Amino acid sequence: MKATSLLWLSATALAVCAQAQSPSSAPAAQVQYPLYNEPYRPQYHFSPPTHFMNDPNGLVYFNGWQLYYQYNPIELVAGHQAWGHAVSTDLLHWTNLPIAIPEKPTGQIFTGSAVVDSENTSGFFDGIPGGGLVAVYTLNEPTNEVQNVAYSLNGGITYTDYAGNPVLDRHDPNFRDPKVFWHAPTHRWIMTVALPNAHQVLFYASSDLKNWRGLSRFGPAGIEGLQWECPNLLQVPIEGTNQKKWVLVVGINPGAPQGGSMDEYFVGEFDGTTFRAGDTVGRLMDFGKDFYAAQTYNNTPTGEAVVVGWVGNWQYAQVVPTSPWRSVFSIPRVLSLRQKETQTGALLIQTPVSLEGLHDQTLYDGSTQISTSPLSIPLQGNASFEFETTVASTSIPHQQQQRLNIDILNGAGEKVTVGYDWSRSQVFVDRGQTYGFSNPFFTSDFSTWADNTDPKTKVNAIRLHVLVDRSMLEVFVDNGIQVCTSVFYMQHGPPTEMSWHAENGNVTVQDLRAYSLKSVWR
């Protein structure tokens, strides 16, 4: 999909950014931005210093966690796409680097991937022990989309285009988003790339990253929407076993049940040539409205599947009220599969990387019963926090509506609510009572089914892990079997407290642990 890039963090670069963002009536010298402390700016999620970002690109572990991304270095909307760049040692603290692949006179640099060519299959790294990074990306020309290859001789800081580009050209204006990985059993590189309008993913193979041969195709299947984008094929471990299954993730835009953009996935098998899904049911990666273009890391240190998604929706992402930056990435999540002996088959589990090293103040640590009196937890002046707990109550069919509401609110009463409804077996999120942004597509309510009722005791206990970072929310239900990602914008300042209250019965809150989180930018 569309790509983006990061600005070099220097006084000169920031001055250029300030000039680009300043109104024409105000001199650029009068515009000063407090870097990474602006209103709405998340403090432990990645966002670019300035301008517009969308899809994660080229995720690869090589001398650290390399993060490339779609970036417009001159505007707060998509356009002039390039690859921005940052690197991390822990997936939390990031160092911003110069633009890695700039826009070209012939076209924009759209989404793609990066691999470690450790065996120098490409021939780009003669005499360099351990090889180097090769990027495969879509060049978006005015009437055509082609796949190009570039290589880096300096650890991924800059890239040189292969003289034989393009390596794939179908003479098609919609043919994009290559994701490449090494397939050890067949000892060759595999590429997935989308045919958006045909709702298909094409599979190619190469021994040298330069010459590609078509293998097969998958789709249409699942939720087709208008276009398919950003395909991602990978192996994911099954919980409690030594087995793995193949998972194909596909971006749909527009056409999500919630409206706009979404990612769906298929679980199946890949033999090195063909992907076969266990069924053609499209399962959503997120029941919120702000998770898209998910991409997984190549070459992870222990083989784990780590995914990052763009926290945005194309229905409104270019007009949200953030400045001088726009868009953020999800917390990195480790993927696994939970095998279900039901019609749903294997389900994808998303586990956020640990934030324990960022814990600042303990906001709450204990268990309690909530009935008529709410539990209030002040945030101690820090709107970046997390909490984990299990909430439980007796589930009786057709009883009076019983709910737990966890209001995350500011001093003016604006709030985002996370909760559980026992009468409907629904986890829900409501961002409708925040007033910093209004848009007809910025819908307010999201929910998913969750029921862990013990057949003997009738107690239904739901595990919640919630991340809040000033203007974004991630809810992990039952250890990540369901996830909701949502942005929100409070008009009168960030959240200042949590208020927990029950309706129509007592709720047990077990082992509630809430912590404010330090900023990764200071």
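Residues numbered from 1 in each chain as written. Predicted model: local features only at pLDDT ≥ 70, side-chain atom pairs only at ≥ 80, totals over all residues. Heavy atoms only, no water.

Student: Give a description of empty space enclosed by the protein that names residues and reports values.
Tutor: Applying the stated criterion across every chain, the model contains 4 cavities of 30 Å³ or more. Size it by volume and the largest cavity reaches roughly 110 Å³. Taken as a whole, the second largest cavity spans an internal volume of roughly 70 Å³. (1 Å grid on protein atoms, 1.4 Å probe; cavity = no way out; pocket = protein on both sides within 12 Å on 5 of 7 lines; lining within 4 Å. Points joined across faces, edges and corners; volume = space filled by probe spheres on them.)

Student: Explain the sheet that holds strand E8 (residues 160-161) residue by residue, including any values.
Tutor: Overall, antiparallel pairing links the 4 strands, which are arranged E5-E6-E7-E8 in an open sheet. With partners counted over all chains shown, the strands left at the sheet margins are strand E5 (108-117) and E8, one partner each. In this sheet, strand E6 (residues 132-141) lies alongside E5 in antiparallel orientation, the contact comprising 8 bridges. The residue bridging Val116 from the neighbouring strand is Leu133, located in E6. (Pairing = 2+ DSSP bridges. Helix = DSSP H or I, 4+ residues; strand = E, 2+ residues; numbered from the N terminus.)

Student: Describe the pairing of strand E3 (residues 82-88), and please don't skip the residues or the numbers.
Tutor: Of all 7 residues in E3, 7 are buried, a share of seventy percent or more. Pairing of strand E2 (residues 65-72) with E3 involves 7 bridges; the strand directions are antiparallel. Across the sheet, the residue bridging to Trp65 is Ser88, located in E3. As judged from the 5 bridges shared by E3 and strand E4 (residues 94-101), these two strands associate in the antiparallel manner. Along E4, the bridge assignment pairs Ala86 with Asn96. Remark: 5 residues form the turn of the hairpin made by E3 and E4, two consecutive strands paired antiparallel; Leu91 in that turn has positive phi of roughly 70°. (Buried < 20%, exposed > 50% of the residue type's maximum accessible area, 1.4 Å probe, protein only.)

Student: I'd love a proper account of the pattern of salt bridges, names of residues and values included.
Tutor: Across all of its chains, the model carries 16 salt bridges by this definition. Between Glu145 and Arg176 there is a salt bridge, and its shortest N-O distance comes to 3.2 Å. Here Arg176 lies in strand E9 (residues 176-183) and Glu145 lies in strand E7 (residues 144-152), a separation of 31 residues in the sequence. Glu145 gets classed as buried once you look at its relative accessible area, which sits at 2%. In this structure, the salt-bridge partner of Arg333 is Glu474, at a minimum N-O distance of 2.7 Å. Taken together, the residues span a long stretch of sequence, with Arg333 in strand E22 (residues 333-338) and Glu474 in strand E32 (residues 472-477) at a distance of 141 residues. Neither Arg333 nor Glu474 differs from the other in exposure class; each is buried. (Salt bridge = Lys/Arg side-chain N within 4 Å of Asp/Glu carboxyl O.)

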